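Breakdown of the fold
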Amino acid sequence: QVQLVESGGGLVQPGGSLRLSCAVSGFTFSNYAMGWYRQAPGKECELVAAITSAGDTTNYAHSVKGRFTIFRDNAKNTVYLQMNSLKPEDTAVYYCNADSWLLLFRLCDEFSKLYWGQGTQVTVSS
């Protein structure tokens, strides 16, 4: 049974940092590319960051480039999102998911049809 368990969110002031974690089970983690997604109230799903199965290639949404870093530990079946210089517009529920590299960029289109973990809430506010 596939499980995606996100953690690490919280309330942080603008300019602060958080590190999100996504622990995976139920499939061979090292065979899949991973993505971090977010959804804010009234907004559509957004792919924030993606990483290949080997961790050698990453991709970031323009809105987070230079502030967020995605990385993974295949030995721990975990993918991380280091978020620095947080802004109020980063406020959202953050999710992770797995797929082939190209399909990661299309998962938001199928958001309501796919399995997602419970997500972790990130709130950036003073």
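Below is a summary of the structure that appears in this document. Note that the structure is predicted; figures quoted are calculated from it, not measured.

Cut-offs and rules
- By convention here, each chain's residues receive numbers from 1 onward along its written sequence.
- Predicted model: local features are reported for residues with pLDDT of at least 70 only, side-chain atom pairs are reported and counted for 80 or more only, and whole-chain, interface and lining totals are derived from all residues.
- As a rule here, side-chain values come from all non-hydrogen atoms in the structure, and water together with hydrogens is ignored.
- Comment: elements are numbered from the N terminus, with helices defined as DSSP H or I runs of at least four residues and strands as E runs of at least two.
- Only C-alpha atoms enter the radius of gyration, while the globule expectation follows 2.2 Å times N to the 0.38, with N the number of residues.
- Using a 1.4 Å probe on the protein chains alone, a residue whose accessible area is under 20% of its type maximum counts as buried, one over 50% counts as exposed, and one in between counts as partly exposed.
- Between two residues, a contact is recorded if the distance between any of their heavy atoms is within 4.5 Å.
- Accessible surface is estimated by sampling points in the Shrake-Rupley manner with a 1.4 Å probe; for residues, cover comes only from the protein chains shown.
- Any carboxyl oxygen of Asp or Glu within 4 Å of a side-chain nitrogen of Lys or Arg constitutes a salt bridge here.

1. Looking at the overall build of the protein
Regarding its fold elements, the protein presents one helix and 10 strands. Tracing the protein from N to C terminus, the helices and strands come up as β-β-β-β-β-β-β-β-β-α-β. Over its C-alpha atoms the protein spans a radius of gyration of 13 Å, differing by no more than 12% from the 14 Å that the globule rule assigns to 126 residues. Projected onto the principal axes, the alpha-carbon positions of the protein cover approximately 40 × 30 × 25 Å. Counting every position in the protein, which comprises 126 residues, the buried fraction comes to 44%. In the protein, the share of contacts with a sequence separation of at least 24, taken over all contacts with a separation of at least 6, comes to 59%. Total accessible area on the protein is roughly 6500 Å²; 48% of this is exposed by carbon and sulfur atoms.

2. Some thoughts on the pattern of salt bridges
Overall, the coordinates contain four salt bridges when judged by the stated rule. Between arginine 38 and aspartate 90 there is a salt bridge, and its shortest N-O distance comes to 2.9 Å. With a gap of 52 residues between them, arginine 38 in strand E4 (residues 33-39) and aspartate 90 in the loop between strand E8 (78-83) and strand E9 (92-99) connect regions that are remote in the sequence. Members of the salt-bridge network, linked through shared partners, are Arg38, Glu46, Arg67 and Asp90.

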